[in-house]
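Observations on chain architecture
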Amino acid sequence: MNMYSIRILTNQPLRLTLTVGGVALCILLMFFLLSVYRGVADGSVEYIRRNKVDLWVLQCNASNILRGSSLLSTAHGYVIRQIPSVQSASAVLLSLSAIKKDNHVATVYLAGYNPETGHGGPPHLVEGRSVLNDNEIVIDKSFASKFRFKLGDSIKIQDDTLQIVGISTGTNAFVIQYAFVTLKRAQSLIGFPNIVTCYLVKVKQGKDISKVSAEIREEVPGLEVFDHATFLQNNIHEMQSGFLPFIYTIAAIGIIVLTAILSLLLSVNILERRKDFAVLKIIGSPKRFLSNLIIEQAIMISFLGSVVALILFFPMVALIEKISPEVSTKSSAEHIVIVMSIAVMMSLISSFISVQRIRRIYPLEVFS
Amino acid sequence: MKGLETVKYIVQLKDVSKTFGSNEHTTTAVRNVSLLASSEEFIVLFGPSGSGKTTLLTLIAGLVKSTSGTISLFDRSIEDYSSLELQQIRATRIGFIFQTFLLIDSLRVIENITLVLRFAGKNKKEAQRHACRLLQRLQIDHLAKKFPKTLSQGEKQRVAVARALANKPDLIIADEPTGSLETRQGFDIIRNLNEYSKEQNSCVIVASHDMRMADHADRILHLRDGVLL
């Protein structure tokens, strides 16, 4: 690293601080978006990932449960269970419901399931237990934090009063959180006791899943049957198509701002030292020396910005999760590497833009 | 790069003219100038402002191309040098001194010197050692750690002279080196420059309108309206 690049930067400490701050904020934004994405991605599909059954059976043309509707009758379940290779077919009813407590009203993604098989129930319980009877409910941890619900509290859904018996994780889909009741309660809440959303099918040991899938299609035409991996992938794809463009747009803005800040600072430094650069050209500076000066400055700023962003990231995430518990984030070393690589790439692009200015400095400018 | 034993003249100009602008708006800064300069010569180029002194210096340094005529530097036509070769020549064989010193303010005095030594290909340690010796010789080693903006005008110009001499150049080009100095300081600078350039067998071409220079000159040239009188 050239001493001159360090001196150029440290000559104006306030400007350097502001620039590093600006770059750090952009990098922080990217870190945050990536970790929110990871958090949402996990929260949205963790329910499906953890309910590991062999087959998911839905209404015709339904491929996921995140952004699709599926209505099946309990009679479908009866037919599926009659297939000799099927060990069990657990019905799940998913619906949007408004939960009331005192003056609070909040919407949850209510999952009604059969507590006896446990299929379709909460993926992880961090407090309490699963529902055992129709007057109980399990709610998501971030939802509980946001609305200050705790075990033993009573909440109202429509006119029914339910007691919170468990707190779950892996059930925060960012825009909405899952809650769990018995299938019977869920059906009574929507007023259709014979309706379910899907069936979670376990096949008998040693049976070929794809053959069982074909058998179900044959016995009950017009149903969609997915193996677990495909169904999980469908939901991930659905989540990504709904959420990723939003993340990408904000991340792209962050990247553009980062590049603009860096280019601006480097260009200002070049303009301020126009005469220095002209002198350097006259006294025989190799071309690479001048462009390296700019590249080194850009890399130093993005490195400092990354370090500041990393220092600020974890306290900031803790604060945001405290203020808005539904914002669940997940970060890893891989994210840090990705974001820092983007920062380095942008610093190289901005230095390339600024280096063009050096080319336009005419050595004769110093002879004025 | 060196090998002066084979060089007859450091600089040769033959009927060199330089015209700026185009169409009707042209200005001829240098007209049909011919000049031979050999090593150890101290040439002073006198002339009023706008007489073309600076343009002539930049032509000699290969910083601008002549409109007509031929310029040879170190026995080779300047047209034959690639831009990389010219850059290397400026780094190793030509020293520059400017009226406003033009030291790099963000760098310490010693770093200003080591920078040109590094441009000439010396490694960091070698450049450092060489710069220290040079500053000692010029009796300005006490300024080594200072930044140029903390120096007096005279000190700045002495550092600028040190920078120009650092690579023991064959040619030193000085544009109004005493223009920003008081009489005494200017006198000292010229005396030093003359002394060190003689020691190093350098050819010095100074553009000035300071008549005190005449005392040190081996040859005096007068330029008026771009014409060498």
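Residues numbered from 1 in each chain as written. Chains lettered and ligands numbered in written order. Predicted model: local features only at pLDDT ≥ 70, side-chain atom pairs only at ≥ 80, totals over all residues. Heavy atoms only, no water.

Describing the overall build of chain A
On a plain count of helices and strands, chain A comes out with 10 helices and 12 strands. Scaling as 2.2 N^0.38, a compact globule of 368 residues should have a C-alpha radius of gyration of about 21 Å, whereas chain A reaches 29 Å, well beyond that. Dimensions along the principal axes, computed over C-alpha positions, put chain A at roughly 95 × 50 × 30 Å. Among the 368 residues that make up chain A, the fraction classed as buried is 51%. For chain A, the exposed surface amounts to about 17000 Å²; the carbon and sulfur share of it is 60%. Each charge sign in chain A was given a centre, from 34 positive and 26 negative side chains, and these centres are 11 Å apart. (Helix = DSSP H or I, 4+ residues; strand = E, 2+ residues; numbered from the N terminus. Rg over C-alpha atoms; globule rule 2.2 N^0.38 Å. Buried < 20%, exposed > 50% of the residue type's maximum accessible area, 1.4 Å probe, protein only. Areas by Shrake-Rupley, 256 points an atom, 1.4 Å probe, with all protein chains shown as cover. Lys, Arg positive; Asp, Glu negative; His and termini not counted. Charge placed at Lys NZ, Arg CZ, Asp CG, Glu CD.)

What about empty space enclosed by the protein?
Rolled over the atoms, a probe with the dimensions of a water molecule shows which regions are left empty. A complete count under the given rule lists 2 cavities of 30 Å³ or more for this structure. Lining the largest cavity, in full, are Ile283 of chain A together with Arg90, Ala91, Ile94, Gly95, Phe96, Val116, Arg163, Ala164, Asn167 and Pro169 of chain B. Every element with two or more residues in the lining of the largest cavity is listed here: α2 (83–92), β6 (94–97) and α5 (153–165) of chain B. Tallying contributions element by element places β6 of chain B first for the lining of the largest cavity, with 3 residues. (1 Å grid on protein atoms, 1.4 Å probe; cavity = no way out; pocket = protein on both sides within 12 Å on 5 of 7 lines; lining within 4 Å. Points joined across faces, edges and corners; volume = space filled by probe spheres on them.)

With respect to the nonpolar core
If you look at the biggest cluster of nonpolar residues, it comprises 100 residues, and the most contacted ones within it are Leu280 of chain A together with Ile60, Leu73 and Leu171 of chain B. If one sorts the elements of this core by residue count, helix α3 (residues 109–119) of chain B sits on top with 7 residues. What Leu73 of chain B contacts, discounting residues up to four positions off in sequence, is Ile10, Val11, Ile60, Ile78, Tyr81, Ile89, Ile94 and Leu171 of chain B. Counting residues in each nonpolar core, the second largest holds 59 residues, with Ala111, Ile247, Leu258 and Ala309 of chain A among its members. (Core = buried A, V, L, I, M, F, W, Y, C linked by side-chain atoms within 4.5 Å. Contact = heavy atoms within 4.5 Å.)

A closer look at the sheet that holds strand β1 (residues 11–22) of chain B
Judged by pairing direction, the sheet is antiparallel, and its 4 strands sit side by side in the order β2-β1-β4-β5 (chain B) without closing on themselves. Of all strands in the sheet, those with a lone pairing partner are β2 (25–37) and β5 (76–77) of chain B, marking the two edges. (Pairing = 2+ DSSP bridges.)

Describing the sheet that holds strand β3 (residues 42–46) of chain B
All names here are of chain B. Taken together, the 6 strands give an open sheet; going across it, the order is β6-β7-β8-β3-β9-β10, and neighbouring strands pair in mixed fashion. With one partner strand each, in any of the chains shown, β6 and β10 (227–228) form the two edges of the open sheet. Here strand β7 (residues 171–175) runs beside strand β8 (residues 203–208); their pairing, made up of 5 bridges, is parallel. If you follow Ala174 over to β8, its bridge partner there is Val206. Where helix α6 (residues 183–199) meets the sheet, it contacts β3, β6, β7 and β8, and its direction lies at approximately 140° from that of β3. (Axes fitted to C-alpha atoms, helices over the stretch in contact; angles between N-to-C directions.)

Thoughts on helix α2 (residues 13–50) of chain A
Along its 38 residues, α2 of chain A runs 52 Å from first to last C-alpha, staying within 8% of the 56 Å computed at 1.5 Å per residue. A bend of about 40° at Ser44 of chain A is the largest found in α2 of chain A. (Expected span 1.5 Å × (residues − 1). Bend = angle between axes of the 7 residues up to and from the residue.)

Things to note about the domain arrangement of chain A
All names here are of chain A. Annotation of chain A at the domain level lists domain 1 (3–44 + 239–367) and domain 2 (61–221). Each of domain 1 and domain 2 was reduced to a C-alpha centroid, and the two centroids are 46 Å apart. Summing both partners gives a buried area of about 990 Å² for domain 1 against domain 2, and 60% of it is carried by carbon and sulfur. For domain 1, the biggest contributors to the area lost against domain 2 are Ser44, Pro325 and Glu326; these three give 51% of the whole. Where domain 1 touches domain 2, the interface holds 0 salt bridges. (Domains from an automatic or database assignment. Buried area = accessible area lost by both parts, 1.4 Å probe. Salt bridge = Lys/Arg side-chain N within 4 Å of Asp/Glu carboxyl O.)

Quick look at the environment of Met316 of chain A
Residue and element names in this part refer to chain A. Counting through the fold element by element, Met316 comes out in helix α9 (residues 287–323). On the basis of relative accessible area, Met316 is assigned to the partly exposed category, the value being 23%. Put simply, Met316 and Leu223 are 93 residues apart on the chain and 47 Å apart in space, counted from C-alpha to C-alpha. In this structure, Met316 is in contact with Leu28 and Phe32, ignoring residues within four places of it in sequence.

What to know about the pattern of salt bridges
Here the structure, examined in full by the defined rule, presents 17 salt bridges over all chains. Between Arg76 of chain B and Glu85 of chain B there is a salt bridge whose closest N-O contact spans 3.2 Å. Residue Glu85 of chain B is classed as partly exposed on the basis of its relative accessible area of 26%. What emerges from the salt-bridge pattern is a single network uniting Arg15, Glu272 and Arg273 of chain A.

Some thoughts on the interface of chain B and chain A
Contacts between chain B and chain A engage 24 residues on the former and 22 residues on the latter. The junction of chain B with chain A conceals about 2000 Å² of combined surface from both sides, 70% of it contributed by carbon and sulfur atoms. The interface formed by chain B and chain A holds 1 salt bridge in total. Where Glu111 of chain B meets Arg7 of chain A, a salt bridge forms, and the shortest distance between an N and an O atom there is 2.4 Å. At the junction of chain B and chain A, the tally comes to 4 residue pairs in polar contact (both at pLDDT 80 or more). (Polar contact = N/O pair within 3.5 Å; in protein donor to acceptor, adjacent residues only side chain to side chain.)

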